Amino acid sequence: MATYDFLFDGLGLRAWCGEKVSSGGPMTMAELLAKKNTGSADTGFSLDSIWSLPFPSLDELNRACPEFVRTRDMTKGVENSFLGFKDSLKVVLDPLTQPLSWLLEGALYLFGATPWWLMILFLAAVTYAASKSVRLMAFVSGVLLFLAFIDHYHFAMETLSIIFVCAFLCVLLGVPIGIAMSRSDRMQKLMIPLLDMLQTLPTFVYLIPLIFLFSVTEPKLYGIAIILYAIVPVVRLTDLGIRLVDQEVIEAANAFGMTRRQKLYGVQIPLALPNIMAGVNQTIMMSLAMVVIASLVSAPGLGVLVLRGIRNLELGVGLVAGLGIVLLAVILDRVTKAALARVNASTSVGSH
Amino acid sequence: MKKLLFAIALGALALPGVARAECGKVSLAEMNWASASLITKVTEFLMVQGYGCEVTLVPSATTTAITSLAENNEPDVVPELWINSAPLYTKLEAEGKVKKATDVFSDGGTENWWVPDYLVKDHPELATIDGILANPALVGGKFHNCPDGWGCRIANDNLIKAFEFDKHGMEVFNHGSGETLSAAMASAYEAKEPFFGYMYGPTAVLGRYNMVAVDMGPYDADIHACNQTVDCATPGKSAYPAAPVLTVVTADFAERNPDVFDLVSKISFTSQGLSQLLAWQADNGASSEEAAVHFLTENKSTWEDWVNDAAREKLSAIFN
């Protein structure tokens, strides 16, 4: 006799429930061990039965009524519905995400085919252009030369190319979304739970089903993984930055008769730029944090070395590759911070 | 008088402890894949219900288990250790720290390159490696390789060189993890797309989908031994042998608990039997515990030979 028999008998659903088969589905360990205590008849209500009252969960209700769906039937249902409409999803999503594949393949090829001296010179030049600091340029060159010295150059370049593409796309997509969020309270209410979910949902949860949608051999799989995780800071901080613009300045802009678009490009975005740049900085950091998970879904780069170190128990390999990721994070952080400082300096009051 | 009664009371309290001391504490590794979890649950059940042991399950994986055995002499029992991925085992066995209890897969684990059965039905030449290399486009043009850090990655990389994949236009895709490899095989089969890659068994994915093992020619022990080392100068063509998969115990445990050591030395499954169990588990959405119960209720005659007489009596109370 199951605990919740009374529920179904009382509601008159016994006929619908059908005959209770002795093993409705796989027998659990608890049921098997219960066969040992065949003598104990459950006689009515007792204090003990209140204490050990089972929650009326799907499985518990199924024990009373075999027609009732179990939790495993529910998860199977989710799986079947996903497999059912994945083909139609594929038709829509494949062309949308194909550019991501091309960009990643192109970047990987470019960063890999360029000779090391050209690459390091180019990156040093970019650093100087962004930060106008000779010390920083020397530091960045030093780190890259060090990584090349310990035979990690190729892996570092693969990781760097993936990060560049993903961070670029995050900013390209994230800033407009953030701007849209800042203009509409309703959209913000909609987006915040979505952003929370993107940041906390374990990546593997949606990555394995994604393998059924896209092929795992395509770079877009790990590209999507990185972008979905790393886009959140830039969206949030753009929204925050624009909303934090001083209301008096907005009033002044209104007094001057600026249109919405003029206000956006002339007042709001320049004043929100520090926050936006902080968002970009955080996005780059979070992309780097995803490197190892991306390697779990076949992304090349330093993450592969970390995984090799973990699996083979070669602690040194894992530690050194991890250190390489940290160094890349440090140089990207310094460069974006220096660029941010220059942006701050140029937009601060007092230049006229 | 009071003292006597007190002593008798204490003695009575100690009795259950004495009854328990027959087996004591056992730490049992539970690897993080389906077949190992099932075997562990069966072993745990027999130990607890038959021998009265206090079993602690230790979630584990191949590398972590062998390291733990090497450094900490723990856990006591490690079922389903794939020796190819844990070369440290041979050294530990030579040192006398660990002992092989048994081949937990009686016919060894299978390692193979696979193509789906619907491909072979339409193109019978794809059942051999030469046929595949002559028509790489028919199998999708890509070989799905093991992730870095698996023993099979080294062997596969050498075999790829030996079979000259590049000359035949066969690309190689190196997976990042075992999960993506199984998911790629599953998704290809579900969509009836071409697939060519490595998989080991018994696993749920091989039990669920009908894949055909590619004929790689005969097995040569010397060539394969060289293929399994990273710096093999002359990789050669050889099929995979059945992989040795053992249940390993620490030497200390074998000494202090000979009854349970005897039990563990007898627990063994055929590859086919285990694959069927795993397929049953997947079809019924069962947990490994439920699959273990299914095995125990359906195969009484098998496991009754594993346990000693005292345990058999205790267990018959449950399985009447």
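The rules behind these values
Residues numbered from 1 in each chain as written. Chains lettered and ligands numbered in written order. Predicted model: local features only at pLDDT ≥ 70, side-chain atom pairs only at ≥ 80, totals over all residues. Helix = DSSP H or I, 4+ residues; strand = E, 2+ residues; numbered from the N terminus. Rg over C-alpha atoms; globule rule 2.2 N^0.38 Å. Buried ≥ 20, exposed ≤ 12 C-beta atoms within 10 Å, placed from the backbone. Contact = placed C-beta atoms within 7 Å. Core = buried A, V, L, I, M, F, W, Y, C linked by C-beta atoms within 7 Å. Domains from an automatic or database assignment. pLDDT = per-residue confidence, 0-100.

With that settled, consider the overall build of chain A. Per the secondary structure count, chain A includes 17 helices and 0 strands. Taking 20 Å as the expected radius of gyration for a compact globule of 352 residues, we find that chain A reaches 29 Å, considerably beyond that expectation. A principal-axis box enclosing the C-alpha atoms of chain A has dimensions of 90 × 60 × 45 Å. By the burial criterion, 30% of the 352 residues in chain A qualify as buried. By sequence separation, contacts in chain A at least 24 residues apart represent 76% of the contacts at least 6 residues apart.

On to the interface of chain A and chain B. Facing 30 residues of chain A, the contacting portion of chain B comprises 27 residues. Elements with a minimum of two residues in the side of chain A that touches chain B: helix H3 (29-34), helix H6 (71-113), helix H11 (203-213), helix H15 (291-296) and helix H16 (302-312) of chain A.

The subject of this paragraph is the nonpolar core. By size, the foremost hydrophobic cluster in this structure holds 150 residues, and its most contacted members are Ala225 and Ala230 of chain A together with Leu81 of chain B. Filtering out sequence-adjacent residues up to four positions away, Ala225 of chain A remains in contact with Thr203, Leu207, Met290, Ile293, Ala294 and Val297 of chain A.

Once that is clear, we can look at the environment of Phe196 of chain B. Following the sequence through the fold, Phe196 of chain B ends up in the loop between helix H8 (178-190) and strand E8 (197-201). Once the C-alpha coordinates of Phe196 of chain B and His144 of chain B are considered, the two residues, 52 residues apart in sequence, prove to be 6.3 Å apart.

A few words on the domain arrangement of chain B. The extent of an interface is frequently quoted as the accessible surface area lost upon association of the parts. Residues and elements named next belong to chain B. Entries for chain B in the domain assignment read domain 1 (22-108 + 243-316) and domain 2 (110-227). Using C-alpha coordinates to define each centre, domain 1 is positioned 29 Å away from domain 2. Taken together, the contact between domain 1 and domain 2 spans 13 residues of the former and 11 residues of the latter. Of all elements in the fold, only helix H2 (34-51) and helix H13 (271-283) reach the threshold of two or more residues within the side of domain 1 that touches domain 2.

To continue, consider the domain arrangement of chain A. Each assigned domain of chain A is listed here: domain 1 (5-69) and domain 2 (84-347). On a C-alpha basis, the centres of domain 1 of chain A and domain 2 of chain A stand 53 Å from each other.

Let us now look at the confidence of the model for chain A. Any region with low pLDDT has predicted coordinates that should not be read closely. Residue and element names in this part refer to chain A. For chain A, the average pLDDT comes to 87, and 93% of its residues sit at 70 or higher. By mean pLDDT, the top-scoring element of chain A is helix H8 (residues 134-149) (95), and the lowest-scoring one is H3 (74). Of the regions scoring below 50 in pLDDT, residues 39-43 engages in 1 contact with residues more than four places distant in sequence or in other chains.

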